[in-house]
Amino acid sequence: MKCPFCNSEDTRVVDSRSTDDGHAIRRRRICDSCDKRFTTYEKVERTLIMVVKKDGSRQAFDGDKLVRGILKSCEKRPVTVGQVEELVADVERQLANTMEKEVESSYVGELVMDKLKDLDQVAYVRFASVYRQFTDVNTFVKEIEKLLGDK
């Protein structure tokens, strides 16, 4: 494993432990060249899932891209990065369980919104506004009314 600081290949593992969800192993490493520490994660490689976009193009599912998008909707909200990563891991598991090699982007978006609704309703509305391309205030009001009606 190359050191992200000095690019040396002379690194070693100083600690290994399972992540909270048990689906990965967290490894603390130290570089023998520059003495800096860094963390890596080891997880099972899953089959490639292609996401079919609205315009018909196809893109490999990217959990990191999804984390970044969800984090934007969670800015200044009491949602931790760990909660967002767990949400994305749940979405990835659900996608893998479909046993499909291709999924519609709308399906991924709906999975995220279902989980985000339970996690933080403000973040849910923010995500939905971008995902569903809200064009005016009335669309926001209708979405919030739906949220209030679900209680």
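Above this text sits the structure in question.
The structure displayed is predicted, hence computed values, not measured ones.

*Asks:* Before we go on, may I ask you to explain the nonpolar core in this structure?
*Replies:* In this structure, Leu66, Ile70, Val91, Leu95, Val108, Val112 and Leu116 are the most contacted members of the largest nonpolar core, which totals 27 residues. Looking at which element gives the most residues to this core, the answer is helix α4 (residues 121–131), with six residues. The residues contacting Leu95, other than those within four sequence positions of it, are Ile49, Phe61, Val103, Tyr107, Val108 and Leu111.

*Asks:* What is the right way to look at the packing of aromatic side chains in this model?
*Replies:* We describe a pair of aromatic rings using the distance from one ring centre to the other and the angle between the two ring planes. Summed over the entire model, instances satisfying the criterion amount to zero aromatic pairs. The aromatic ring of Phe5 is capped on one face by Lys36, whose charged end is 5.2 Å from the ring centroid.

*Asks:* So what exactly am I meant to see when it comes to the sheet that holds strand β6 (residues 102–104) here?
*Replies:* One key point about sheets: their strands pair by backbone hydrogen bonds, in either a parallel or an antiparallel sense. If you walk across this open sheet you meet the three strands as β5-β4-β6, and the pairing is mixed. Of all strands in the sheet, those bounded by a partner on one side alone are β5 (58–60) and β6. Strand-to-strand twist of the sheet, defined as the mean angle between neighbouring strand axes without regard to direction, takes the value 35°. Relative to β5, strand β4 (residues 50–52) runs antiparallel, the two being bridged by three bridges. Bridging from a neighbouring strand, Val52 pairs with Arg58 of β5.

*Asks:* I keep staring at the sheet that holds strand β3 (residues 37–43) and nothing clicks. Help me out?
*Replies:* Spatially, three strands are ordered β1-β2-β3 in an open sheet, and the strand pairing comes out antiparallel. Of all strands in the sheet, those with a lone pairing partner are β1 (11–18) and β3, marking the two edges. Direction aside, neighbouring strands of the sheet carry axes that sit 30° apart on average. Pairing analysis gives seven bridges linking strand β2 (residues 24–31) to β3, with the strands arranged antiparallel. Directly across from Ile25, in β3, lies its bridge partner Glu42.

Thresholds, definitions, all that
Residues numbered from 1 in each chain as written. Predicted model: local features only at pLDDT ≥ 70, side-chain atom pairs only at ≥ 80, totals over all residues. Heavy atoms only, no water. Core = buried A, V, L, I, M, F, W, Y, C linked by side-chain atoms within 4.5 Å. Buried < 20%, exposed > 50% of the residue type's maximum accessible area, 1.4 Å probe, protein only. Helix = DSSP H or I, 4+ residues; strand = E, 2+ residues; numbered from the N terminus. Contact = heavy atoms within 4.5 Å. Phe/Tyr/Trp six-rings, centres within 6.5 Å; stacked < 30°, edge-to-face > 60°. Lys NZ or Arg CZ within 6 Å of the ring centre and 35° of its normal. Pairing = 2+ DSSP bridges. Axes fitted to C-alpha atoms, helices over the stretch in contact; angles between N-to-C directions.

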